[in-house]
Amino acid sequence: MNEINQLDEMYHEIILDHYRSPRNNHVISQPTKEIESNNPFCGDEIKLQLKMEGGIIKDIGITGRGCAISQASASLMGETLLGKQIEEASVIYHLFRELLTGELSEDKMDQLGDSVALEGVKKFPIRVKCALLSWSAMRDMLEE
Ligand code: ZN
């Protein structure tokens, strides 16, 4: 993955760590919601499951396959959104989208946690679809 090698070294490590050891990589037996999505440009596939209780994301199950950026981004998303209120998670989705497609101000980056590691992906427009795949699918579940 040449694109990853061109990212900032610390961010590079975070992305590779999430790719190799994806967080929340499990199946939820009775999810509140679930969705499958794919990115035909790259062949990335993702399945997301949510367990919600009292407006809070209690559990996230993530399974999928595809390029390192798509899978690492899904893992980072799960880590960032687990335990958040639905409205808060939706706000974070929009901040992440802004990070990759616009200019997110520094003071808002804290809310993204380690997911800011994907910022450098915006230099590679074709990879932005990979990074946004899981986040867009999550948005669809949160805002439907
Ligand atoms: Zn991809």
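First, a word on scope: everything that follows refers to the structure included in this document. (Residues numbered from 1 in each chain as written. Predicted model: local features only at pLDDT ≥ 70, side-chain atom pairs only at ≥ 80, totals over all residues. Heavy atoms only, no water.)

## Re the pattern of salt bridges
A full pass over the atoms with the stated rule returns six salt bridges. Across the salt bridge formed by Lys33 and Glu144, the nearest N and O atoms sit 3.5 Å from each other. One end of the pair, Lys33, is in strand S1 (residues 33-39); the other, Glu144, is in the segment after helix H6 (125-143), with 111 residues separating them in the sequence. On the basis of relative accessibility, which here comes to 21%, the residue Lys33 falls in the partly exposed class. Classification of Glu144 as exposed rests on a relative accessible area of 69%. Here Lys122 ties to Glu103 by a salt bridge, and the two come within 3.7 Å at their closest N and O atoms. In this pair, Lys122 is assigned in the loop between helix H5 (106-109) and H6 and Glu103 in the loop between helix H4 (86-101) and H5, connecting sequence segments 19 residues apart. (Salt bridge = Lys/Arg side-chain N within 4 Å of Asp/Glu carboxyl O. Helix = DSSP H or I, 4+ residues; strand = E, 2+ residues; numbered from the N terminus. Buried < 20%, exposed > 50% of the residue type's maximum accessible area, 1.4 Å probe, protein only.)

## Regarding the packing of helix H3 (residues 68-81) against H6
At a minimum axis separation of 8 Å, H3 and H6 run at an interaxial angle of 35°. The two elements H3 and H6 cross, and the hand of that crossing is right-handed. Contacts between H3 and H6 involve Ile69, Ser70, Ser73, Ala74, Met77, Thr80 and Leu81 from the first element and Arg127, Cys130, Ala131, Ser134, Trp135 and Met138 from the second. When grouped by side-chain class, the residues that make up the contact of H3 with H6 number eight nonpolar, four polar and one charged. (Axes fitted to C-alpha atoms, helices over the stretch in contact; angles between N-to-C directions. Left-handed = near helix turned anticlockwise from the far one by under 90°. Contact = heavy atoms within 4.5 Å. Nonpolar A, V, L, I, M, F, W, Y, C, P; charged D, E, K, R; others polar.)

## Details of the coordination of the zinc ion
Taken together, Cys42 (SG), Asp44 (OD), Asp44 (OD), Cys67 (SG) and Cys130 (SG) make up the full set of protein donors to the zinc ion, lying 2.2 to 2.7 Å away. On the primary sequence, the residues serving as donors to the zinc ion are separated as C-x1-D-x22-C-x62-C. With Asp44 in strand S2 (residues 44-53) and Cys130 in helix H6, this pair connects stretches of sequence that are 86 residues apart. For the residue pair Asp44 and Cys130, the accessibility class agrees, reading buried in each case. (Donors = N, O, S within 2.8 Å, 3.2 Å for Na, K, Ca; no water.)

## Some points on the environment of Ile69
As for its position among the elements, Ile69 is in helix H3. What makes Ile69 buried here is its relative accessible area of 1%. Taking the C-alpha atoms as reference points, Ile69 and Glu3, separated by 66 residues in sequence, lie 9.1 Å from one another.

## A short note on the environment of Val91
Topologically, Val91 is positioned in helix H4. We classify Val91 as partly exposed; its relative accessible area is 44%. Counting along the chain gives 20 residues from Val91 to Gln111, while the straight-line C-alpha distance between them is 9.3 Å.

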